[in-house]
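What the coordinates show
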Amino acid sequence: MPLQYNEYYNEQTGLTIGLKKLLFSKQSEYQLVEVYETDTWGNLMTIDGMVMLSERDEFVYHEMLSHVAMFTHPNPRRVLIIGGGDGGTAREVMKHPSVEQVDMVEIDKTVVDASREFLRDVGDFDNPKLNVLYEDGIAFIKNVTDPYDVIIIDGSDPVGPAEGLFEKDFYEMCHNALSDDGMLTAQTESPWVESYHPSMKKVFHAIDDLFPVSKMYLSFIPLYPAGMWSMACASKSDHPLSDDVYGRITDGIESVKPLKYYNADLHRGSFALPNFVSDLIAR
Ligand code: SPD
């Protein structure tokens, strides 16, 4: 009998990954964190039975969640990551020469420990710009006094400890924690999975109410349900599709290489939405 990991996202429909062996399994105070060696995707981390990342496809998610924000903001110096305990988002953010400090607020130290041990190339945990805090991101954001230029919400799915990251009051707090030209990006699930639609609508309606610029963009991640993944971009000032931003990317892209997914044209193209996706968040 072959060893397989199955994530069912609708009744009996799901994703199958061939496994070699289980490398790590721990039920933390918050969730079940596991790491497997797979037959195709390198090592794979799951949380409560949902794929978080594999060594082979993580670059898509982390580059897209980070660089869209980091190039849209004109001079991102202070960055806050909510979640992101595997370290991939922080790694991409810290490639930007303007960055002085990255606060990564991860509720579950087990995720960081497992990543450091079994996903060794994902994080850049010893970078002196990175400050890791083991706290609840929602409680943390309420008390921010020194505003951030960029906030990146790299949580898991809207069940369990990450549920609050899809609520309007959380985005209100993020808005308050951003500088006058601040902006945020967030992972917002797959448009193909109906059970996620209420959470997606909540996020996009919230950022539409709170920010002058709010947009959805897409990327293609083989190990996430249905492969198409949405992300939110909300800004107090700069528009991600402006000519200034395009110029910043073309001028600055050399300084953040290597990149395996993101480039200036892809930045622009990722905001083009299929009709069924834009209908999903229309009001
Ligand atoms: N169902 C997948 C949702 C994954 C969201 N976060 C992944 C963490 C990678 N840094």
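The present account deals with the structure reproduced in this document. (Residues numbered from 1 in each chain as written. Predicted model: local features only at pLDDT ≥ 70, side-chain atom pairs only at ≥ 80, totals over all residues. Heavy atoms only, no water.)

This part takes up the packing of helix H5 (residues 168–176) against helix H6 (residues 197–210). Closest axis-to-axis distance for the H5/H6 pair is 9 Å, and the angle between their directions is 40°. The two elements H5 and H6 cross, and the hand of that crossing is right-handed. Here Lys168, Tyr171, Glu172 and His175 of H5 come into contact with H6, specifically with Val203, Ala206, Ile207, Asp209 and Leu210. Each residue belonging to the contact of H5 with H6 can be placed in one class, and the counts come to five nonpolar, one polar and three charged. (Axes fitted to C-alpha atoms, helices over the stretch in contact; angles between N-to-C directions. Helix = DSSP H or I, 4+ residues; strand = E, 2+ residues; numbered from the N terminus. Left-handed = near helix turned anticlockwise from the far one by under 90°. Contact = heavy atoms within 4.5 Å. Nonpolar A, V, L, I, M, F, W, Y, C, P; charged D, E, K, R; others polar.)

Before going further, it helps to spend a moment on unusual backbone geometry. A cis amide bond links Lys257 with the next residue in sequence, Pro258, at an omega value of 10°. Position of Pro258 relative to the elements: it lies in the loop between helix H7 (243–252) and helix H8 (264–269). Although it is not a glycine, Glu189 adopts a positive phi angle of roughly 80°. Its place among the elements puts Glu189 in the loop between strand E10 (178–187) and H6. A residue is classified by how much of its surface remains accessible, and Glu189, at 0% relative accessible area, is buried. One non-glycine residue, Ala226, lies in positive phi territory at about 70°. Within the secondary structure, Ala226 sits in the loop between strand E11 (213–220) and strand E12 (228–235). (Buried < 20%, exposed > 50% of the residue type's maximum accessible area, 1.4 Å probe, protein only.)

If you trace the backbone, Asp149 turns up in strand E9 (residues 148–154). Put simply, Asp149 is tucked away with no salt bridge, and the nearest opposite charge, on Arg77, sits 4.4 Å away. There is a polar contact of 3.3 Å between the side chain of Asp149 and the side chain of Ser179. (Lys, Arg positive; Asp, Glu negative; His and termini not counted. Salt bridge = Lys/Arg side-chain N within 4 Å of Asp/Glu carboxyl O. Polar contact = N/O pair within 3.5 Å; in protein donor to acceptor, adjacent residues only side chain to side chain.)

Take the packing of aromatic side chains next. Enumeration according to the criterion identifies eight aromatic pairs in this entry. Taken together, a centroid distance of 5.6 Å and an interplanar angle of 80° make the contact between Tyr61 and Tyr224 edge-to-face. Here Tyr61, found in helix H1 (residues 58–72), pairs with Tyr224, found in the loop between E11 and E12; they are 163 residues apart in sequence, far enough to count as distant. Within the aromatic cluster, the residues linked to one another by ring pairs are Tyr61, Tyr224 and Trp229. Against the face of Tyr148 rests Arg78, its NZ or CZ located 4.4 Å from the ring centre. Residue placement shows Arg268 over the ring face of Tyr246; its charged tip is 3.9 Å from the ring centre. (Phe/Tyr/Trp six-rings, centres within 6.5 Å; stacked < 30°, edge-to-face > 60°. Lys NZ or Arg CZ within 6 Å of the ring centre and 35° of its normal.)

Read across the open sheet, the five strands follow the order E1-E2-E3-E4-E5; overall the sheet is antiparallel. Either end of the sheet is taken by a strand with one partner, and the two such strands are strand E1 (4–10) and strand E5 (50–54). Within this sheet the neighbouring strands show an average axis-to-axis angle of 45°, counted without direction. (Pairing = 2+ DSSP bridges.)

Spatially, E8-E7-E6-E9-E10-E12-E11 is the arrangement adopted by the seven strands of the open sheet, whose pairing is mixed. With partners counted over all chains shown, the strands left at the sheet margins are strand E8 (130–133) and E11, one partner each. Along the sheet, successive strands turn relative to each other by an average axial angle of 15°, direction set aside. Relative to E12, E11 runs antiparallel, the two being bridged by eight bridges.

Next up on the list: H5. An α-helix turns once every 3.6 residues. As a result, residues three or four positions apart point the same way. Residues Phe170, Tyr171, Met173 and Cys174 constitute the buried set of H5. Angularly, the buried residues of H5 cover 155° about the axis, an arc narrow enough to put them on a single face. Tucked inside the fold, the buried residues of H5 contact strand E6 (78–83), helix H4 (137–142), E9, E10 and H6. (Arc of directions from axis to C-beta.)

A separate point is the site of the ligand. Neighbouring residues of the ligand: Val51, Met52, Tyr61, His62, Asp86, Asp154, Gly155, Asp157, Gln187, Tyr224 and Trp229. Take His62: an N or O atom from its side chain is 2.7 Å from a nitrogen atom of the ligand. Asp154 is positioned with one of its side-chain polar atoms (N or O) 3.0 Å from a nitrogen atom of the ligand. Computed on the free molecule, the ligand has an accessible area of 340 Å², of which 98% lies beneath the protein chains in the complex. Those elements giving two or more residues to the shell around the ligand turn out to be E5 and H1. Here the residues of the shell around the ligand are counted per class, giving five nonpolar, three polar and three charged. (Near = heavy atom within 4 Å. Areas by Shrake-Rupley, 256 points an atom, 1.4 Å probe, with all protein chains shown as cover.)

These figures come from the coordinates and say nothing about function on their own.
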